[in-house]
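# An overview of the molecular structure
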Amino acid sequence: MTERLYYDDAYLWEFDAVVTASGRGGKPGEWLVKLDRSAFYPTSGGQPFDTGTLTFGKTTARVTQVEADREGDVLHMTDREIPAGTPVHGRIDGERRRDHMEQHAGEHLLAGAVYETLQGTTIGLHVGHEDCSIDVTLPEERTHLTEEEIRMLEDLVNRRIRQDDPIRCWFPDEEELSRLPLRKPPTVAEHVRIVAMGDYEMVACGGTHPSSTGQIGMLKILSTSPARGKIRITFVCGGRALALFQSYMRSADKAGAALSCPVEKLSRAASDLKGKLAEAERRANRLESREILQKMEAGMEDHGGILLCAVAIAETDPRAVAAAASDFVAAKGRLLLLCAGERLTFARSADVKVNMNDLIKRVGRGGGRPDMACGAGIPECVFTARKILMTEGMK
Ligand SMILES: [Zn+2]
């Protein structure tokens, strides 16, 4: 079985080892390499694998993925073949590992705080490219957290980060293990490894952790959402939290400059602007609708006491058209056949008996009520409908 060097030293970025087995990988150009000892972390417990290099002689192979097999050996996927028996110098990507350690250890503190304050049980960790998430079962199948609860969790976790409490990992014997106050029972029966943070988090874990909580830097919850009866808490830690803060500040500063207000007043300024925009839209709509109404009235022809308007106009806001059509037929004895762009609106006053729903179906696609119907069509539909009315009458 591969000796896992990261168990004893999570900061071991370089090591020497010997290849114990090698072969072709699953993809073209991919090779599998087993070592007698390795500092490379294989994906498990929600913490992603390490990447890095294996150097032998003057040749360097890239390690693109790392997994553990059933026997407990660590499998390194490389872009070059390295024959068994070759001594290699391994180097892992420290930036990537440090990021994973920050997210992973932050998750411990968050899961511990959720358990301690809300009696929530965490069942999974996912470290994504941008953010991380845990799924939590809360008492009474609650699937949401209040703003105050989110704030309380963030405050508690970040206080423990600032306290810079020690983080310790060890393999207890069976007797010691049975006495430990673990947050949840171990999922493995043998070689149970324990991680303890301060005096508030203790759980079985095979992952890599910094030596103290201060190295997590910071934890920020980004969102919570229901997830199949559980609640998913999305968060970021350490360097990711700083990068997000920087990106949000850049956006906020730009928005503030655009709205000529300080960042603290952005939300008020945005809501004022939204109100003004809605009012301006309403006003523009009223104006547009009045213009359409004028066009309708200018196009009226008198057919034995019924004023018929059959017109085609350019495409325009359907809300303005609907308002103008309603206004047009509010007066008695009116009939409207309108095509705006590719949209038909057929309407009539209450005292006119023609069924507009039937009529629109005879000339285009659409439908509605006997007094007003809408649909899709072309200007030709309006003139066909007019012809039908001229032939069949408008009573
Ligand atoms: Zn852990």
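Placed above this text is the structure.
The structure presented is a predicted model; accordingly, all values stated were derived computationally and were not measured.

### Examining the overall build of the chain
- Tallying secondary structure elements over the chain gives eight helices and 21 strands in all.
- Taken along its principal axes, the extent of the C-alpha atoms in the chain is 105 × 50 × 45 Å.
- Here the chain holds 395 residues, and the buried ones make up 44% of them.
- A fraction of 60% describes how many contacts in the chain between residues 6 or more apart in sequence connect residues 24 or more apart.
- About 21300 Å² of surface is accessible on the chain, with carbon and sulfur atoms providing 52% of the total.
- Of the side chains in the chain, 52 bear a positive and 58 a negative charge, and the two mean positions are spaced by 8 Å.

### Notes on the pattern of salt bridges
- Applying the stated criterion across every chain yields a total of 22 salt bridges.
- R319 serves as the salt-bridge partner of D317, at 3.0 Å between the closest nitrogen and oxygen.
- With relative accessibility at 54%, the residue R319 sits in the exposed group.
- Residue D371 pairs with R369 through a salt bridge whose shortest N-O separation is 3.0 Å.
- A relative accessible area of 27% means that D371 is categorised as partly exposed.
- Each of K34, D69 and D73 takes part in a single network of salt bridges with overlapping partners.

### Some thoughts on the sheet that holds strand β13 (residues 201–204)
- Spatially, three strands are ordered β11-β12-β13 in an open sheet, and the strand pairing comes out antiparallel. A strand with exactly one partner marks an edge of an open sheet, and here the two such strands are β11 (167–170) and β13. Strand-to-strand, the axes of this sheet are offset by a mean angle of 15 degrees, without reference to chain direction.
- In this structure, β11 lies alongside strand β12 (residues 194–197), joined through four bridges in antiparallel fashion. Bridge assignment links I167 to a residue of β12, and that residue is M197.

### Quick notes on the sheet that holds strand β14 (residues 219–227)
- Strands sit in the order β9-β10-β15-β14 across an open sheet of four strands; the sheet is antiparallel. Taken across any chain shown, the strands that pair with only one partner, and hence form the sheet edges, are β9 (121–127) and β14. Along the sheet, successive strands turn relative to each other by an average axial angle of 20 degrees, direction set aside.
- When β9 meets strand β10 (residues 132–137), the two strands line up antiparallel, connected through six bridges. In the strand pairing of β10, T122 is matched with V136.
- Against the sheet, helix α1 (residues 94–118) contacts β9, β10, β14 and β15 (230–237), and its axis sits at roughly 135 degrees relative to β15.

### Comments concerning the environment of T391
- Relative to the assigned elements, T391 resides in helix α8 (residues 379–392).
- In terms of polar contacts, T391 uses its side chain to reach the backbone carbonyl oxygen of K387, at 2.7 Å.

### Description of the pairing of strand β5 (residues 52–56)
- Within β5, four of the five residues are buried, leaving the element largely enclosed by the surrounding structure.
- One ladder, built from five bridges, connects β5 with strand β6 (residues 59–68); its direction is antiparallel. Across the sheet, F56 pairs through a bridge with T59, a residue of β6.
- Joining the antiparallel neighbours β5 and β6 is a turn of two residues, in which G57 adopts a positive phi near 60 degrees.

### Focus on helix α5 (residues 266–298)
- Relative to the 48 Å expected for 33 residues at 1.5 Å per residue, α5 spans 48 Å between its end C-alpha atoms, a close match to the ideal helical length.
- All of the buried residues along α5 are L266, A269, N285, S289, I292, L293 and M296.
- On its buried face, α5 sits against α4 (238–259), β16 (300–303), β17 (306–313), α6 (318–328) and β18 (334–340).

### Remarks on the pairing of strand β21 (residues 372–376)
- Both strand β19 (residues 343–348) and β21 contribute to a ladder of five bridges, which runs antiparallel. When the sheet's bridge partners are listed, A347 is paired in β21 with M372.
- In sequence, strand β20 (residues 365–368) turns back onto β21 through a hairpin of three residues.

### So, the coordination of the zinc ion
- Taken together, the protein donors to the zinc ion comprise H104 (NE2), H108 (NE2), C205 (SG) and H209 (NE2), at separations of 2.0 to 2.2 Å.
- Read from N- to C-terminus, the donor residues coordinating the zinc ion fall into the pattern H-x3-H-x96-C-x3-H. Of this pair, H108 sits in helix α1 while C205 sits in the loop between β13 and β14, and the two are 97 residues apart along the sequence.
- The class of C205 is buried, set by a relative accessible area of 14%.

### What to know about the layout of surface pockets
- Space inside the largest pocket adds up to approximately 910 Å³.
- Forming the walls of the largest pocket are 34 residues, and the residues nearest its centre are T187, V188, C205, G206 and G207.
- When residues of the lining of the largest pocket are traced back to their parent elements, those giving at least two are β1 (3–4), α1, β9 and β13.
- Per-element accounting of the lining of the largest pocket gives the leading share, four residues, to β9.
- Its residues assigned to classes, the lining of the largest pocket shows 15 nonpolar, twelve polar and seven charged.

### A closer look at the state of the cysteines
- Inspection of every chain in the model, using the stated rule, returns zero disulfides.
- You can see C132 has no disulfide; the closest cysteine sulfur is in C237, sitting 6.2 Å from it.
- You can call C132 buried: its relative accessible area is 0%.
- With no disulfide partner, C381 has as its closest neighbouring cysteine sulfur the one in C339, 6.6 Å distant.

### Section: the side chain of T2
- Within the secondary structure layout, T2 lies in the segment before β1.
- Classification of T2 as buried rests on a relative accessible area of 4%.
- With residues near it in sequence (within four places) discarded, T2 still touches L35, D36, R37, S38, G72, D73 and V74.

About the criteria used
- Residues numbered from 1 in each chain as written.
- Predicted model: local features only at pLDDT ≥ 70, side-chain atom pairs only at ≥ 80, totals over all residues.
- Heavy atoms only, no water.
- Helix = DSSP H or I, 4+ residues; strand = E, 2+ residues; numbered from the N terminus.
- Buried < 20%, exposed > 50% of the residue type's maximum accessible area, 1.4 Å probe, protein only.
- Contact = heavy atoms within 4.5 Å.
- Areas by Shrake-Rupley, 256 points an atom, 1.4 Å probe, with all protein chains shown as cover.
- Lys, Arg positive; Asp, Glu negative; His and termini not counted.
- Charge placed at Lys NZ, Arg CZ, Asp CG, Glu CD.
- Salt bridge = Lys/Arg side-chain N within 4 Å of Asp/Glu carboxyl O.
- Pairing = 2+ DSSP bridges.
- Axes fitted to C-alpha atoms, helices over the stretch in contact; angles between N-to-C directions.
- Polar contact = N/O pair within 3.5 Å; in protein donor to acceptor, adjacent residues only side chain to side chain.
- Expected span 1.5 Å × (residues − 1).
- Donors = N, O, S within 2.8 Å, 3.2 Å for Na, K, Ca; no water.
- 1 Å grid on protein atoms, 1.4 Å probe; cavity = no way out; pocket = protein on both sides within 12 Å on 5 of 7 lines; lining within 4 Å.
- Points joined across faces, edges and corners; volume = space filled by probe spheres on them.
- Nonpolar A, V, L, I, M, F, W, Y, C, P; charged D, E, K, R; others polar.
- Disulfide = S-S within 2.5 Å.

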